[in-house]
Amino acid sequence: MNKNMNLFEMTVPRTICAGFLMLVFIGTVLLFLPIATASGQWNDPIVALFTATSAVCVTGLIVVDTGSYYSPVGQGIILLLIQVGGLGYMTATTVLILILRRRLGLKERLAVQQSMDTQRLSETRSLIVSIISMTLIFELAGAFCLVPTMTRDYGNAFGLWSSIFHSVSAFNNAGFSLFEDSLVQYARSTWVNIVITSLVIFGGIGYQVIMEAFMWVRDRLQGSLERTTFSLNFKIVIVTSLTLLVLGTITFLSLEYNNPDTLGPFGFGDKLTAAWFQSVIARTAGFNSIDINAMQDASLFLMIALMFIGASPGSTGGGLKTTTISILFMCTRAVLRGYDEVLVYRREIPPMRILKAISVVVGSGITVVCVTIALALFNPEFNFLRLLFEAVSAFATVGLSTGITADLSTPAQLVIIATMYLGRVGVLLFMAALVGDHSPTMVKYPEEDLLVG
């Protein structure tokens, strides 16, 4: 009886997973309506489902052009789905609870804690308020910075709407664009590149990291003499992110420098800007300022690696996360140096975090392999590297594509839809939702060694 009850009990992981499914369902219904399409006709169910899933999961993969296929109402629905999806289902739900002036129950606090990966329940309310405030500040600032350029190119009405849309899309790492060529037309615009990449970076490093940086800046401006102690999470996220951004920029610049279809026609300054843009975007958002399909295979494979690593914990981006890949590197270093524990910045990484990092990598790797095989079976006519690119982009909720998304068969598009959803909620959280709460055990088994490597 207890086991059967456990199958239907709404645990925290199941609440989060069901919440995202509910958002996808609501978004699909809204985008299916005639008012959402530019033609005024009923939308194709698969197109509506694909777009809603991509928006809620802040991915950015599309099967139709957002700017021309959807009406202003439809574009507004997509933007709302991006905003709610970027904040996260539990965060959005908590905001509604706070608006209605209700107290947060233990279940809601636990759900927010797990979805945002916070350690203390007492932080929940203040964290939610900080997240909403921070999101609005960055998105409004981004829109304000884009307005002069967008209104100059598209007039006041559409220019203002484009500024808001791309700012929200960029900060939430969604990658949706109202332009048919994404941001290719602004590949030589240093200002647009700076604004978009800044929004993507801030949205992808995580709310907690931003808050720590804000507290440090505030203390400096107030003349506080107290020394700021940054958390281990802050240090790892900042160092890993900067390293990946710099290495990605240098590598893209080197590989595509003379490619006549990408960076070749640009001057050195524009080449550097475009290489930086793709290095930033590859890990989190689905914008592009050059033709992805025209890039060399080596560049595409590098982009796959960056997409798979992804953003940072507690952010709007997906992927393995920067802390996960850092922990694995630290484990390797510890083994090579003969250490019994994993140390970083004079701190020991808890064994449970190491196990979680390994589980994330294994689960993510298996998922990408299975998705790629499925895509190859449904669409054998496409190049394997392109299919792998599509699978990783969907799972890491990046949204970049070599241009094959709309040409995939319906079964393959359904696989991509499921992959985007799984990548947004997380492999471990999804498995926990399926398995249910486990019963703790006090049994300890004898230890035995085995050969590895």
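Residues numbered from 1 in each chain as written. Predicted model: local features only at pLDDT ≥ 70, side-chain atom pairs only at ≥ 80, totals over all residues. Heavy atoms only, no water.

### Regarding the overall build of the protein chain
A count of helical and extended segments in the protein chain gives 19 helices and two strands. Relative to its 453 residues, the protein chain shows a buried fraction of 51%. If you take every contact in the protein chain between residues at least 6 apart in sequence, the share linking residues at least 24 apart comes to 69%. As displayed, the protein chain offers around 22,300 Å² of accessible surface, 66% of which is attributable to carbon and sulfur atoms. (Helix = DSSP H or I, 4+ residues; strand = E, 2+ residues; numbered from the N terminus. Buried < 20%, exposed > 50% of the residue type's maximum accessible area, 1.4 Å probe, protein only. Contact = heavy atoms within 4.5 Å. Areas by Shrake-Rupley, 256 points an atom, 1.4 Å probe, with all protein chains shown as cover.)

### A short note on the environment of Arg347
In this fold, Arg347 is placed in strand β2 (residues 347-348). Here the alpha-carbon distance between Arg347 and Leu232, two residues 115 residues apart in the chain, equals 7.9 Å.

### What about a nonpolar patch on the surface?
A surface patch of nonpolar side chains, about 440 Å² in accessible area, is lined by Met22, Phe25, Ile26, Val29 and Leu30. Taking the relative accessible area as the measure of exposure, Ile26 reaches 38% and is therefore partly exposed. (Patch = residues over 30% accessible without salt bridge, like charges linked within 9 Å, V, L, I, M, F, W, Y side chains within 5 Å. Salt bridge = Lys/Arg side-chain N within 4 Å of Asp/Glu carboxyl O.)

### Some details on the nonpolar core
If you look at the biggest cluster of nonpolar residues, it comprises 58 residues, and the most contacted ones within it are Ile196, Phe287, Met303, Met307, Phe389 and Leu400. In terms of residues, this core owes the most to one element, helix α14 (residues 297-309), which gives seven residues. In terms of nonpolar packing, the next biggest core, distinct from the first, is built from 47 residues, Val12, Val24, Leu387 and Ala433 among them. (Core = buried A, V, L, I, M, F, W, Y, C linked by side-chain atoms within 4.5 Å.)

### Focus: helix α10 (residues 190-204)
A rise of 1.5 Å per residue sets the reference length of α10, with its 15 residues, at 21 Å; its end C-alpha atoms lie 21 Å apart and thus fit the reference within 8%. The complete set of buried residues in α10 reads Val192, Asn193, Val195, Ile196, Thr197, Leu199, Val200, Gly203 and Gly204. Among the residues trailing α10, Gly206 stands out with phi positive, at a value near 100°. (Expected span 1.5 Å × (residues − 1).)

### Considering the packing of aromatic side chains
All told, the structure shown has eleven aromatic pairs when counted by the stated rule. For the ring pair Tyr421 and Phe430, a centre distance of 6.3 Å and an interplane angle of 90° mean the geometry is edge-to-face. Judged by relative accessible area, which is 26%, Phe430 ranks as partly exposed. Taken together, the ring pairs in this structure connect Tyr154, Phe158, Phe179 and Tyr186 into an aromatic cluster. Cation over ring: Lys271 sits above Tyr257, and NZ or CZ is 3.6 Å from the ring centre. (Phe/Tyr/Trp six-rings, centres within 6.5 Å; stacked < 30°, edge-to-face > 60°. Lys NZ or Arg CZ within 6 Å of the ring centre and 35° of its normal.)

### A closer look at the environment of Ala170
Of note, Ala170 is situated in helix α9 (residues 156-171). Sequence spacing of Ala170 and Ala285 is 115 residues, and the spatial spacing of their C-alpha atoms is 7.0 Å.

### Focus on unusual backbone geometry
Here Asn173, not a glycine, exhibits a phi torsion of approximately 55°, which is positive. Looking at the element boundaries, Asn173 is found in the loop between α9 and α10. Look at Ser182: it is not a glycine, yet its phi comes out positive at around 60°. With respect to the helices and strands, Ser182 occurs in the loop between α9 and α10.

### As for empty space enclosed by the protein
According to the stated counting rule, one finds one cavity of 30 Å³ or more in the structure shown. What the largest cavity holds in volume is close to 30 Å³. Phe252, Glu256, Leu263, Ala274, Ala275, Gln278, Ile290 and Met295 are the residues that line the largest cavity. Those elements giving two or more residues to the lining of the largest cavity turn out to be α12 (232-256) and α13 (268-281). Looking at the lining of the largest cavity element by element, the count peaks at three residues for α13. Classifying every residue of the lining of the largest cavity gives six nonpolar, one polar and one charged. (1 Å grid on protein atoms, 1.4 Å probe; cavity = no way out; pocket = protein on both sides within 12 Å on 5 of 7 lines; lining within 4 Å. Points joined across faces, edges and corners; volume = space filled by probe spheres on them. Nonpolar A, V, L, I, M, F, W, Y, C, P; charged D, E, K, R; others polar.)

### Observations concerning the packing of α9 against α10
Put simply, α9 and α10 touch, their axes get as near as 7 Å, and they point 35° apart. Contacts from His166, Ser167, Ala170 and Phe171 of α9 reach α10 at Ile196, Leu199, Val200, Phe202 and Gly203. For the contact of α9 with α10, a count of residues per class yields six nonpolar, three polar and no charged. (Axes fitted to C-alpha atoms, helices over the stretch in contact; angles between N-to-C directions.)

### Looking at the pattern of salt bridges
On inspection of all chains with the given rule, the structure shows four salt bridges. In this structure, Arg218 engages Asp219 in a salt bridge whose closest nitrogen and oxygen atoms are separated by 3.6 Å. Overall, Arg218 belongs to the partly exposed group, its relative accessible area being 33%.

### Re the packing of helix α16 (residues 351-378) against helix α18 (residues 410-425)
Axis separation between α16 and α18 bottoms out at 9 Å; the angle between their running directions is 165°. By the angle class used here, α16 and α18 are roughly antiparallel. Crossing angle aside, the handedness with which α16 passes α18 is left-handed. Here Thr367, Val371, Ala374, Leu375 and Phe378 of α16 lie close against α18, whose contacting residues are Pro411, Ala412, Val415, Ile416, Thr419 and Leu422. Counted by class, the contact of α16 with α18 contains nine nonpolar, two polar and no charged residues. (Parallel < 35°, antiparallel > 145°, perpendicular 65-115°, else oblique. Left-handed = near helix turned anticlockwise from the far one by under 90°.)

### Quick word on the side chain of Asn172
By the secondary structure assignment, Asn172 is in the loop between α9 and α10. Polar contacts involving the side chain of Asn172 include one to the side chain of Glu139, which spans 2.9 Å. Residues in contact with Asn172, not counting those within four places in the same chain, are Val58, Ile82, Gln83, Gly86, Leu87, Glu139 and Thr316. (Polar contact = N/O pair within 3.5 Å; in protein donor to acceptor, adjacent residues only side chain to side chain.)

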